[in-house]
Every structure is written in C-alpha cells, then in structure tokens.
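Structural description and commentary
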Amino acid sequence: KGAARMSLPSLVGEIAVGLMVGPNCFDLAPKPKSLMMFGEVGLLLLFLEAGLDVDVEMLKLVGSRGILLSLFASTVALVIGSLVARFALDLPWEEAFGAG
C-alpha cells in the first residue's frame, strides 16, 4: 500500500519489501532451497506477465528501428554496469558481466 500512496506500481513495493526482509537488509526470511525455487518461479512469472503486455501492433509499427534502439540501449546499459562493477567494485570480469 505504501507504493500505491506514492503513485508507484505495487511491484515496486513488493521488491522493496523483499529487499528489506531478505539477507541484504534485515535478514528476516529463512533461506531454504524451497524458497529459492519460489523466487525463481516468481521471476519466470514476472517475465511471462511482461511478455503478455507487449503490444504486437505497436511492435509492427515501430519495426526494426525500435528493435535496434532497444538492443542498443540494453547493450549500453550492460557495458556501463559491467564496467562499474569491474572497476568500482573490483569484481572479476565474469561476475561484473553478470552484475551489469
């Protein structure tokens, strides 16, 4: 409800609560493998929901120009994130690429 009061999607609030309850903040949630499995299933469902929201007609309208722009933006974000993780956090390249 806090996210809705700030005019944010409920997903933002759910992610924030998950971060606070998880091991990165207050470490209140237990860490058995079954909860990890639920988290991975939840992530898959989130990707499925995002895929269902894609407007195919709009995708046809923007065509290859929109696809190229999105690929370029994703690549730039990946490169910048990887460089920050590599040099600011001193991670090995494999981990920096994963963090990027």
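Position numbers for residues start from 1 in each chain and track the written sequence from start to end. Reporting in this predicted model follows two pLDDT cut-offs: at least 70 for local features of residues, and 80 or more for side-chain atom pairs to be given and counted; totals over whole chains, interfaces and linings ignore these cut-offs and use all residues. The basis for every side-chain value is the complete set of heavy atoms in the structure, and neither hydrogens nor water enter the calculation.

Two rings from Phe, Tyr or Trp (for Trp, the six-membered ring) form a pair when their centres are within 6.5 Å of each other. A pair whose planes differ by under 30 degrees is stacked, one over 60 is edge-to-face, and the rest are tilted. With the rule as written, the count across this model stands at 1 aromatic pair. Here the aromatic rings of Phe-87 and Trp-93 are separated by 5.8 Å at their centres, their planes lie at 90 degrees, and the arrangement is edge-to-face. What makes Phe-87 exposed here is its relative accessible area of 59%. Buried means the residue's accessible area, taken with a 1.4 Å probe over protein chains only, is under 20% of the maximum for its type, while exposed means over 50%, and partly exposed covers the values in between.

Right, let's get into the pattern of salt bridges. By definition here, a salt bridge exists when the distance from a side-chain nitrogen of Lys or Arg to a carboxyl oxygen of Asp or Glu is within 4 Å. What the rule picks out here adds up to 2 salt bridges. Of the charged contacts, one joins Glu-57 and Lys-60 as a salt bridge, the two residues approaching to 4.0 Å between their closest N and O atoms. Taken as a pair, Glu-57 and Lys-60 lie in helix α4 (residues 56-87) at a separation of 3 residues, close to a single helical turn. Here Glu-57 and Lys-60 have matching classes, each one exposed. The residue Arg-86 makes a salt bridge to Asp-90 at a minimum N-O spacing of 3.8 Å. The exposure class of Arg-86 is partly exposed, given its relative accessible area of 22%. Under the scheme used here, helices are H or I runs from DSSP no shorter than 4 residues and strands are E runs no shorter than 2 residues, and both carry numbers assigned from the N terminus.

Honestly, it's all geometry; don't read function into it.
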